[in-house]
Amino acid sequence: MTTTTTTDPGASAHGATDPTGETMERTTAQAPGTARPTAPHAPDAERLRRWRMVLGADSADSTGCTLTGQDAAMDGALNALYGGGAGKKPGGGRGAGGRSAGLGASAPSVARWLGDIRTYFPSSVVQVMQRDAIDRLGLAALLLEPEMLEAVEADVHLVGTLLSLNKAMPETTKETARAVVRKVVEDLEKRLESRTRATLSGALDRSARISRPRHRDIDWNRTIRANLKNYLPVPGPAGAGGAGDTEGRCTIVPERLIGYGRASRSAKKDVVLCIDQSGSMAASVVYASVFGAVLASMRTLSTRLVVFDTAVADLTDQLDDPVDVLFGTQLGGGTDINRALAYCQSKITRPADTVVVLISDLYEGGIRDEMLKRVAAMKDSGVQFVTLLALSDEGAPAYDHEHAAALGALGAPAFACTPDLFPDVMAAAIEKRPLPIPDKETQQ
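Every residue gets a number counted from 1 within its own chain, in the order that chain's sequence is written. A pLDDT threshold of at least 70 governs which residues receive local features in this predicted model, and a stricter bar of 80 or more applies before side-chain atom pairs are shown or counted, although totals over entire chains, interfaces and linings include all residues. Just so you know, side-chain values use all the structure's heavy atoms and leave hydrogens and water out.

Peer 1: Explain the sheet that holds strand E10 (residues 301-308) to me, and be specific about the residues and the numbers.
Peer 2: Here, a strand pair is defined by DSSP locating no fewer than two bridges between the strands. Numbering of helices and strands runs from the N terminus; a helix is a DSSP stretch of H or I covering at least four residues, while a strand is a stretch of E covering at least two. Ordered by their spatial adjacency, six strands build an open sheet running E11-E10-E9-E12-E13-E14, and the pairing between neighbours is mixed. The outermost strands of the open sheet, each flanked by one partner alone, are strand E11 (312-314) and strand E14 (414-417). Averaged over all neighbouring strand pairs, the angle between strand axes comes to 25 degrees, with direction disregarded. Pairing between E10 and E11: three bridges, direction antiparallel. In the strand pairing of E11, Val307 is matched with Ala313. Axes here refer to lines fitted to C-alpha atoms; in helices the fit is confined to the stretch in contact. Angles between the N-to-C directions go from 0 to 180 degrees.

Peer 1: Could you give me a rundown of the pairing of strand E12 (residues 354-359), with the residues and numbers involved?
Peer 2: In summary, the side chains of a regular strand alternate between the two faces of the sheet. With respect to burial, E12 is a largely interior element, six of its six residues being buried. Partly exposed residues are those whose accessible area sits between 20% and 50% of the maximum for their type, while under 20% is buried and over 50% is exposed, using a 1.4 Å probe and protein chains only. Alternating positions in E12 separate into two faces, Thr354, Val356 and Leu358 on one and Val355, Val357 and Ile359 on the other, with burial throughout. Across six bridges, the pairing between strand E9 (residues 269-276) and E12 is parallel. In the sheet register, Val271 faces E12, and the bridge partner there is Val355. The pairing of E12 with strand E13 (residues 384-391) spans five bridges and is classified as parallel. Across the sheet, residue Ile359 finds its bridge partner in E13, namely Leu388. For the crossover that starts at E12, traverses helix H12 (residues 368-380) and ends in the parallel E13, the hand is right-handed. Look down the strands so they point away from you; if the path from the first strand over the helix to the second goes clockwise, the crossover is right-handed.

Peer 1: Describe the packing of helix H11 (residues 337-346) against H12, with residues and values.
Peer 2: Interhelical geometry of H11 versus H12 gives an angle of 25 degrees and a closest axis separation of 8 Å. Considered as vectors, H11 and H12 are oriented roughly parallel to each other. For the pair H11 and H12, the sense of crossing is left-handed. Contacts between H11 and H12 pair Ile337, Asn338, Leu341, Ala342 and Gln345 from the former with Glu370, Met371, Arg374, Val375, Ala377 and Met378 from the latter. Working rule for angles: under 35 degrees goes down as roughly parallel, over 145 as roughly antiparallel, 65 to 115 as roughly perpendicular, anything else as oblique. With the far helix as reference, a near helix turned anticlockwise by less than a right angle produces a left-handed crossing, and one turned clockwise produces a right-handed crossing. We call two residues in contact whenever any of their non-hydrogen atoms come within 4.5 Å of each other.

Peer 1: So what's going on with the pairing of E10? Which residues, and what values?
Peer 2: Most of E10 sits out of view: six of its eight residues are buried. A crossover connection joins E9 to the parallel E10 through helix H9 (residues 282-296); in handedness this β-α-β unit is right-handed. Where E10 hands over to E11, the hairpin turn is made up of three residues, counted between the paired strands.

Peer 1: Could you give an account of the packing of H12 against helix H13 (residues 401-409), with specific residues and numbers?
Peer 2: Axis separation between H12 and H13 bottoms out at 10 Å; the angle between their running directions is 30 degrees. As judged from the angle between their axes, H12 and H13 are roughly parallel. Remark: the crossing between H12 and H13 carries right-handed chirality. Contacts between H12 and H13 involve Arg368, Met371, Leu372 and Val375 from the former and Glu402, His403, Ala406 and Leu407 from the latter.

Peer 1: Explain the state of the cysteines to me, and be specific about the residues and the numbers.
Peer 2: Note that a disulfide, as used here, is simply two cysteine sulfur atoms within 2.5 Å. The final tally for this structure, using the stated rule, is zero disulfides. Take Cys274: it sits in no disulfide, and the sulfur closest to it among the cysteines is that of Cys344, at 3.7 Å.

Peer 1: Which residues make up the nonpolar core, and what are the values?
Peer 2: Remark: nonpolar core denotes a set of buried residues (Ala, Val, Leu, Ile, Met, Phe, Trp, Tyr, Cys) joined through side-chain atoms within 4.5 Å. Counting 80 residues, the largest nonpolar core has Trp113, Val357 and Phe422 as its most contacted members. Residue contributions to this core peak at ten residues, all from helix H7 (residues 171-207). Listed in part, the 25 residues of the second largest apolar core include Leu341, Ile348, Val375 and Ala404.

Peer 1: Residue-level account of H12, with values.
Peer 2: An α-helix turns once per 3.6 residues; consequently, residues spaced three or four apart project the same way. One fewer than the residue count of a helix, multiplied by 1.5 Å, yields its expected span. Taking 1.5 Å of rise per residue, the 13 residues of H12 would be expected to cover 18 Å, and the 19 Å separating its terminal C-alpha atoms lies within 8% of that figure. Its buried side turned inward, H12 meets H11, E12, E13 and H13. Just downstream of H12, Gly382 is the residue with a positive phi angle, here 110 degrees.

Peer 1: Now, about the layout of surface pockets: what can you tell me, with residues and values included?
Peer 2: Using a 1 Å grid laid over the protein atoms alone, points where a 1.4 Å probe fits but cannot get out form a cavity; open sets with protein on both sides within 12 Å along at least 5 of 7 lines form a pocket; any residue with an atom within 4 Å of a point counts as lining. Grid points are joined across faces, edges and corners, and a volume is the space filled by probe spheres set on the points. Here the largest pocket is characterised by a volume of approximately 250 Å³. Ser280, Met281, Ala282, Ala283 and Glu394 are, among the 16 residues lining the largest pocket, the residues nearest its centre. Elements represented by at least two residues in the lining of the largest pocket include exactly helix H6 (156-164), H9 and E13. Counting residues per element, the lining of the largest pocket draws most heavily on H9, at three residues. Residue composition of the lining of the largest pocket, grouped by class: seven nonpolar, seven polar and two charged. Asp, Glu, Lys and Arg are counted as charged, while Ala, Val, Leu, Ile, Met, Phe, Trp, Tyr, Cys and Pro are counted as nonpolar; the rest, among them Gly, fall into the polar class.

Structural data, given as structure tokens:
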């Protein structure tokens, strides 16, 4: 009997690659007129184990692989969420094929499951599984219990869910919820504050032009543009053109110098953050509240934070603590952008030094034409108007394309913005430069 090793069809000399990234080989024992497989080598067993984990219990019987130990525990945690009966409310019955799925209706079983997934998976995966559990198994109500909040992995999306439950939250849970929200806010501030302050401080210094700058403070680009009409011909060297040839040679005389300003203690710019607090904007509300607190801490900026649905709430006096701001929001309800912009417009005292940032998906429930007229009036008065369809880590959101196009026609292009890009957007608005729009197709 001889033994040969053959690769799968289409494989390279080193073997084909399966979805796990491993080389695929088949080992067969051949005898005259017969062929039977030998026992799988260790790489084959590992590959089957991985396929069994990927396919799950409902679809993986054909692998012939039995999970034990930690693998079995991980598979159980995944099957509780994504198994044949997933999608039912906690305590639901049996799923397809007679298999039960779900986490059960009791808080203790959910707490154990939350503890398991934190043990077996990295935090980024845990956060995704928590969001799926809230959506697929209806676990939002269980977040109203303190022991649940102590077990979860906190992130921006969880904060949004907690804020939407704020009205239904019992007093025994509110302190735990605030602790969860504060942890997320503090992590975001550490991540975003230093770059935001550095970027905007430079933009504010550059936006304050002075006419008698010291040499090191001269803005040469603006100085040259301002003095292009002031030039004198310069005689060329003796040669082909002869001494005194001035063709094509001149020097600019800087009659007016333009320089960068220095930071002062007075506010140079007014910023108004106008935030849509409808349910779809939860992550944007969290990030905007953190940025609002950062901007409010800068002496050279006067920051106002306004949230709205069909009503308008000014939370400026709570900006020293973004957690208070977040618990002052009421996620959900309708949308009246026109009313919110009317309030913001009434608070503008220095139009030429004001930046208004509207953060909304633009699904307007108020008077559309009045909304556009207000934006046009603010821009005509000198206000820098920025429209963000979302302020979050996700991609382009669902939004009202017609309203976005109408704002773009007014010179207020609407686009989605990540938290990392927000400081650059604000710096451009402060300096009255073109905005760094990541994808101009979102304006269409």
